[in-house]
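Topology and contacts: notes
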Amino acid sequence: MVLKVQSALVTGGSSGIGAAVSQAFAAAGAKVAINYHSGREAAEAIASDIRASGGEAFAIKADVSDEGAVEQMIATTVERFGRLDILVANSGLQKDAPFRDLSLEDWRRVIDVNLTGQFLSCRGAVRQFLAQDERPDLSKARGKIICMSSVHEVIPWAGHVNYAASKGGIMLMMKSLAQEVAPDRIRVNSIAPGAIRTPINKDAWETEEALRRLLTLIPYGRIGEPEDVARAAVWLASDESDYVTGTTLFVDGGMTLYPGFADNG
Ligand code: NAP
């Protein structure tokens, strides 16, 4: 119960990685606000499962690219739980196209949700961490932020330029923010998942042939599961990682180890 009675907000908690993080946080003793955008039923179901197991959780709608909606989401979390100790800025989407066909609309939507959405969520969390009383009995840090990045914060990705740009942006947003708020004892880190079995990348694992091709990129020889990321998030949110800030934890089965060079390049 390393997150016992801490209050957490997970954006994009209605699906995939965010859903697993919400469940793992609750199992570690946290109270969890589960944000959704379109997946109300899924978010409500996760919250209700957590409550049925004796935990505290509720689902909350917000488009993370909407400033007012993010402010309202954080205010509601604080109203319900009394405070905010942990933010997981996880919401994200892809709108893929060859660069020459990439519309301004799809460029903007991906940057708005993936990057600006994390900016708005992080800013709201930092403001709240600084405004509330410190609770050293709950957590050594004054507040913890985990940004959900991707291996594509460092691996270029043709046909996904908007997505890769958003994740590269998250990398330096996270590090710059971590530098700025470390003196306030707020820890800010990222998780960079590799290929994790969720709806966002269904095309990459749905068929045997697609999975076989995907596995050539993963030295560890298996696709990741949302729980692989969730366990890393629990650690990064807990006092176990109290001296860790401004870093990206790659949870990728070795995808960033340049597997193409394993056999002499
Ligand atoms: P997913 O299952 O498709 O989940 C995406 C989540 O983002 C959903 O909960 C969705 O909410 C939410 N979301 C989308 N647009 C939103 C908006 N405007 N406002 C609020 N929430 C919004 O995908 P996932 O794989 O779990 O992805 C989670 C994060 O991990 C993303 O940032 C993604 O880039 C990152 N990631 C994933 C992988 C992977 O292999 N799966 C790898 C690297 C990084 P609704 O469903 O309620 O609309």
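Residues numbered from 1 in each chain as written. Predicted model: local features only at pLDDT ≥ 70, side-chain atom pairs only at ≥ 80, totals over all residues. Heavy atoms only, no water.

Side note on the pairing of strand β1 (residues 7–10)
To keep things clear, this is the line we draw: Relative accessible area decides the class of each residue, using a 1.4 Å probe on protein chains only: under 20% of the type maximum gives buried, over 50% gives exposed, and in between gives partly exposed. What counts as a helix is a DSSP run of H or I of at least four residues, what counts as a strand is a run of E of at least two, and both are numbered from the N terminus. A crossover counts as right-handed when, viewed with the strands pointing away from the observer, the path leading from the first strand over the helix to the second turns clockwise. Pairs of strands are assigned from DSSP output, requiring at least two bridges between the strands.
Along β1, one buried face is formed by S7 and L9 and the opposite face, lined by A8 and V10, is buried too. Read as a crossover between parallel neighbours, the route from β1 over helix α1 (residues 16–27) to strand β2 (residues 31–36) is right-handed. Bridge analysis of β1 against strand β4 (residues 86–89) gives 3 bridges, and the strand direction is parallel. Each residue of the ladder has a partner; that of A8, found in β4, is I86.

Some words on the site of the ligand
Selection criterion: One heavy atom within 4 Å of a molecule or strand makes the whole residue count as near it. For the purposes of these results, a polar contact is taken to be a pair of N or O atoms within 3.5 Å, where, inside protein, one atom must be able to donate a hydrogen and its partner to accept one; residues adjacent in sequence count only when each atom of the pair is a side-chain atom. Accessible surface area values rest on a Shrake-Rupley calculation with a 1.4 Å probe, where residue burial reflects the displayed protein chains alone.
The environment of the ligand is formed by 32 residues, the closest being S15, S38, G39, Y163 and T198. In the environment of the ligand, an oxygen atom lies 2.7 Å from a nitrogen or oxygen atom belonging to the backbone of G39. Contact distances for the ligand include 3.0 Å between a nitrogen atom and a backbone N or O atom of V64. About the coverage of the ligand: the protein hides 92% of its 890 Å² of free accessible area.

Here we look at helix α3 (residues 67–81)
Cut-off, in case you're wondering: Here a helix's expected span is defined as the number of its residues, less one, multiplied by 1.5 Å. Contacts are residue-level and defined by heavy atoms, with any inter-residue pair within 4.5 Å sufficient.
Across its 15 residues, α3 extends 21 Å between first and last C-alpha, which sits within 8% of the 21 Å expected from 1.5 Å per residue. Listing the buried residues of α3 in full gives V70, M73, I74, T76, T77, V78 and F81. Considering only its buried residues, α3 is in contact with β1, β2, β3 (57–61) and α4 (104–131). Where α3 begins, the side chain of D66 points an oxygen toward the backbone nitrogen of G68, at a separation of 3.0 Å. Trailing α3 by a residue or two, G82 shows a phi angle of about 90 degrees, which is positive.

Some words on the nonpolar core
Heads up, the condition is: Put simply, buried Ala, Val, Leu, Ile, Met, Phe, Trp, Tyr and Cys residues joined by side-chain atoms within 4.5 Å make one nonpolar core.
L3, V21, F25, I34, V88 and I191 are the most contacted members of the largest nonpolar core, which has 34 residues in total. Secondary-structure elements contributing two or more residues to this core are β1, α1, β2, α2 (40–52), β3, β4, β5 (143–148) and α7 (226–237). Considering each element in turn, this core owes the most residues, 7 residues, to α7. Apart from residues lying up to four places away in sequence, V88 is in contact with L9, V10, T11, V21, F25, I146 and M148. Of all hydrophobic cores here, the second largest spans 30 residues; its members include L9, V113, L120 and V188.

As for the pairing of strand β6 (residues 186–193)
Summarising burial for β6: 8 of the 8 residues are buried, a large majority. Neither face of β6 is left uncovered, since the one carrying I186, V188, S190 and A192 and the one carrying R187, N189, I191 and P193 both have all their residues buried. With respect to chirality, the unit in which β5 leads through helix α5 (residues 161–181) into the neighbouring parallel β6 is right-handed. Both β6 and strand β7 (residues 248–251) contribute to a ladder of 4 bridges, which runs parallel. Within the sheet, the bridge partner assigned to P193 lies in β7 and is V251.

Remarks on the packing of α1 against α7
Convention followed: Only the stretch in contact is used when a helix axis is fitted, and all axes are lines through C-alpha atoms; the angle between N-to-C directions ranges over 0 to 180 degrees. Should an angle lie under 35 degrees it is considered roughly parallel, over 145 roughly antiparallel, and from 65 to 115 roughly perpendicular; all remaining angles are considered oblique. Helix crossings are classified by the rotation of the near helix relative to the far one: an anticlockwise turn of less than a right angle makes the crossing left-handed, while a clockwise turn makes it right-handed. Polar here means any residue other than Ala, Val, Leu, Ile, Met, Phe, Trp, Tyr, Cys and Pro, which are nonpolar, and Asp, Glu, Lys and Arg, which are charged; Gly is therefore polar.
Between α1 and α7, the shortest axis-to-axis distance is 8 Å and the interhelical angle comes to 50 degrees. The pairing of α1 with α7 is recorded here as oblique in orientation. At the point where α1 passes α7, the crossing takes the right-handed sense. For the pair formed by α1 and α7, the contact residues are G16, I17, A20, V21, A24 and F25 on the first element and P226, E227, V229, A230, A233, V234 and A237 on the second. Tallied by class, the residues present in the contact of α1 with α7 amount to 11 nonpolar, 1 polar and 1 charged.

Examining the pattern of salt bridges
Just so we agree on the cut-off: We define a salt bridge as a contact between a side-chain nitrogen of Lys or Arg and a carboxyl oxygen of Asp or Glu at a distance within 4 Å.
What the rule picks out here adds up to 15 salt bridges. Linking D85 and R83 is a salt bridge whose minimum nitrogen-to-oxygen distance equals 2.9 Å. Here D85 and R83 have matching classes, each one buried. Between D228 and R222 there is a salt bridge, with the nearest N and O atoms lying 2.9 Å from each other. Exposure remark for D228: the relative accessible area of 16% places this residue in the buried category. It is possible to trace a salt-bridge network through shared partners that takes in E67, E71, R123 and R127.

Geometric values such as these leave the question of function open.
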